[in-house]
Amino acid sequence: SELPSCSIVIFGASGDLTARKLIPALANLFAHGCLPERFNIVGCGRSAMSHEEFRRHLAEFEPDRQAETSSEGWQRFAANLFYQQLSYDSPDSYRQLAELLNQLDRQRGTAPNRMFYLSVPPALYPVIATQLGPAGLSNQDAAHWSRIVVEKPFGHDLASAQALDQTLHAGFSEEQIFRIDHYLAKETVQNILMLRFANAIFEPLWNRNYVDYVGIISAEKLGVEHRAGFYEQAGVLRDMFQNHMMQLLALTAMEPPSRFKDIQVHDEKTKIFRALKPLNRGRLSDNLVLGQYGPGTIDGREVPGYRQEPGVAPDSLTPTFAAMKLGIDNWRWRGVPFYLVSGKRMPAKESRIVIQFKEVPHSMFNHETAANLLANRLVLEIYPEEKITLNFQAKTPGSKECLHRAEMGFNYERRQGERGAVNFDAYEMVLLDCIIGDHMLFWRQDGVELSWSFLTPILAECESCPETAAKLLQTYPAGTPGPAEAHHWMQLLAN
Ligand code: BG6
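So, here's what we can say about the structure. (Residues numbered from 1 in each chain as written. Predicted model: local features only at pLDDT ≥ 70, side-chain atom pairs only at ≥ 80, totals over all residues. Heavy atoms only, no water.)

### Here's the deal with the overall build of the chain
Then step 1. Scanning the chain from N- to C-terminus turns up 16 helices and 18 strands.
Then step 2. In terms of C-alpha radius of gyration, the chain reaches 24 Å, essentially the compact-globule figure of 23 Å for 495 residues.
Then step 3. When the backbone C-alpha atoms are referred to their principal axes, the chain occupies close to 80 × 55 × 45 Å.
Then step 4. Expressed as a percentage of its 495 residues, the buried residues of the chain come to 53%.
Then step 5. Of the side chains in the chain, 49 bear a positive and 58 a negative charge, and the two mean positions are spaced by 4 Å. (Helix = DSSP H or I, 4+ residues; strand = E, 2+ residues; numbered from the N terminus. Rg over C-alpha atoms; globule rule 2.2 N^0.38 Å. Buried < 20%, exposed > 50% of the residue type's maximum accessible area, 1.4 Å probe, protein only. Lys, Arg positive; Asp, Glu negative; His and termini not counted. Charge placed at Lys NZ, Arg CZ, Asp CG, Glu CD.)

Below you can see the structure in the form of structure tokens.
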């Protein structure tokens, strides 16, 4: 493999994410020959463990991985795993970590390239980021790199996002920082730019002259699960809109970048974030519906309401659903509404982008036929299937003037197994790109701040006082498509 040899350091190594996502992702990359020839994975955490105990802990984490992890492949992979106990605020710990890394480089012939993956609660980001520098761990030179990987939340509002950024920048430059958004690593999401800019036929129609509206939905059946501690402070606007929904919006709406390179793509996205039309704070309910799930039924099973979930305040005003209508102030999109919807405990897990085209300027068909005439629609489906469909009108064979809706489609699943097609999941994708040093699938700080600039006044208004918050928040039974106030928008996005 031509990938640079490196050490991947995971902070929070005894946590769930490491065992459930990161290590399986790395093991799978290894199995596909997609890790560097020489590499070290060093887990760091508060608990004391030997290297061998760490390997065993990972192997035993999930029962269904046992078979796989007893295999020869796992053993070969696990030989690259190491562990270092550390207390996050102790400079000594980081000196010891630096020593271990240098020692591994000497013994195992790895290059001093370092990736620091922060799989820890966000409160620890500043603590770790400011310790790495003084221990010499953020240094890089012309031949060797040091990179830091963080996951959302990137702050709680604009001010805290800027403060977090300052602490990251204390040791690392922007080019060394990788801010994950796992939506960007989804195959269909990456395909948005290919569809738009590798084909000549869509782009001429992709604007206010032909597009009636754009819809973006990401709904899920899951409730808050065990994450109330985080979610109570976040709600759907911070959890989904500030990041995933904004990325989907930017990819759908941005101008063509001059090259398919991270910098150029980020530049164009930034322009979209800058062009978002601020919502009128005094008339929020014209453009925003917030909801919170109450008790209800999912797949025939009764589930508690959000306020009854463990860790949630019985009078919580945290929204678990939002539908937002927003506009983009530029030539391409002037007057075209973008409907963004995301919610928990909805009837189905579904995620898609709908480009709804305008109706024909004049219908020449008889009244009855014209009633069936549906405007063209392009759907980029992200979940449950990864596919693209274009709806158009076709003549029903036989009777003279009868139309029906026909569909052209492309489905990713059918392409699996083709030569060159390897399906990596989101974590595999981001880990690989971080090793390569490609920022395409990550957030750049200016985007993070602009996204917060748009949302912070909305959040401030919604959270200004309990009365306002309560007035804006509608309840919907779990397993239903959100509050009634949003149903007309939901219909626009229906499949
Ligand atoms: C996460 C949110 O970023 O995305 C979760 O924190 C949400 O609340 C999840 O459930 C949805 O991701 P996906 O890939 O399942 O659509």
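### Describing the site of the ligand
Then step 1. In the neighbourhood of the ligand, the contacting residues comprise Lys152, His182, Tyr183, Lys186, Glu220, Arg227, Asp239, Met240, His244, Lys344 and Lys349.
Then step 2. For the ligand, an oxygen atom lies 3.0 Å from a polar atom in the side chain of Lys152.
Then step 3. The side chain of Glu220 places a nitrogen or oxygen atom 2.7 Å from an oxygen atom of the ligand.
Then step 4. Of the residues belonging to the shell around the ligand, the class tally is two nonpolar, two polar and seven charged. (Near = heavy atom within 4 Å. Polar contact = N/O pair within 3.5 Å; in protein donor to acceptor, adjacent residues only side chain to side chain. Nonpolar A, V, L, I, M, F, W, Y, C, P; charged D, E, K, R; others polar.)

### Side note on the pairing of strand β2 (residues 39-45)
Then step 1. With seven of its seven residues buried, β2 lies for the most part within the structure.
Then step 2. Where burial is concerned, the two faces of β2 agree: the one with Phe39, Ile41, Gly43 and Gly45 and the one with Asn40, Val42 and Cys44 are both buried.
Then step 3. Bridging between strand β1 (residues 6-11) and β2 involves six bridges; their strand directions are parallel. The partner of Cys6 across the bridge, within β2, is Phe39. (Pairing = 2+ DSSP bridges.)

### Looking at the packing of helix α7 (residues 158-171) against helix α14 (residues 445-462)
Then step 1. Packing of α7 against α14 leaves a shortest axis separation of 8 Å and a crossing angle of 160 degrees. On the basis of their axis angle, the class for α7 and α14 is roughly antiparallel. Both α7 and α14 take part in a crossing whose hand is right-handed. Mapping the contact onto sequence places Leu158, Ala161, Gln162 and Asp165 in α7 and Gln445, Val448, Glu449, Trp452, Ser453 and Thr456 in α14.
Then step 2. Partitioned by chemical class, the residues of the contact of α7 with α14 number four nonpolar, four polar and two charged. (Axes fitted to C-alpha atoms, helices over the stretch in contact; angles between N-to-C directions. Parallel < 35°, antiparallel > 145°, perpendicular 65-115°, else oblique. Left-handed = near helix turned anticlockwise from the far one by under 90°. Contact = heavy atoms within 4.5 Å.)

### As for the nonpolar core
Then step 1. Counting residues in each nonpolar core, the largest one holds 156 residues, and the members touching the most others are Phe11, Phe77, Leu97, Phe116, Phe241, Met324 and Phe338.
Then step 2. Not counting the four nearest positions on each side in its chain, Phe11 is found in contact with Cys44, Leu86, Tyr88, Tyr94, Leu97, Phe116, Tyr117, Leu118, Ser119, Val120, Ile128 and Leu132. (Core = buried A, V, L, I, M, F, W, Y, C linked by side-chain atoms within 4.5 Å.)

### Considerations on the sheet that holds strand β5 (residues 146-151)
Then step 1. A sheet is described by the order of its strands in space; here seven strands give the open sequence β3-β2-β1-β4-β5-β6-β17, paired in mixed fashion. Strands with a single pairing partner mark the edges of an open sheet, and in this sheet they are β3 (81-85) and β17 (442-443).
Then step 2. Bridging between β1 and strand β4 (residues 114-118) involves five bridges; their strand directions are parallel. Across the sheet, the residue bridging to Ile10 is Tyr117, located in β4.
Then step 3. Across the sheet, α7 touches β5 and β6 (177-180), and the angle it forms with β6 is around 145 degrees.

### Re unusual backbone geometry
Then step 1. The residue after Lys152, namely Pro153, is reached through a cis peptide bond having omega 5 degrees.
Then step 2. Among the structural elements, Pro153 can be located in the loop between β5 and α7.
Then step 3. The omega torsion of the bond from Tyr383 to Pro384 falls at 5 degrees, within 30 degrees of zero and hence cis.
Then step 4. Turning to its location among the elements, Pro384 is positioned in the loop between β14 (377-383) and β15 (387-395).

### Re α7
Then step 1. All buried positions along α7 are accounted for by Ala161, Leu164, Asp165, Leu168 and Gly171. The buried residues of α7 occupy an angular sector of 115 degrees when the element is viewed end-on, so they sit on one face. Of the residues in α7, the exposed ones pointing more than 90 degrees away from the buried face are Ala159, Gln166 and Ala170.
Then step 2. Considering only its buried residues, α7 is in contact with α6 (124-132), β5, β6 and α14. (Arc of directions from axis to C-beta.)

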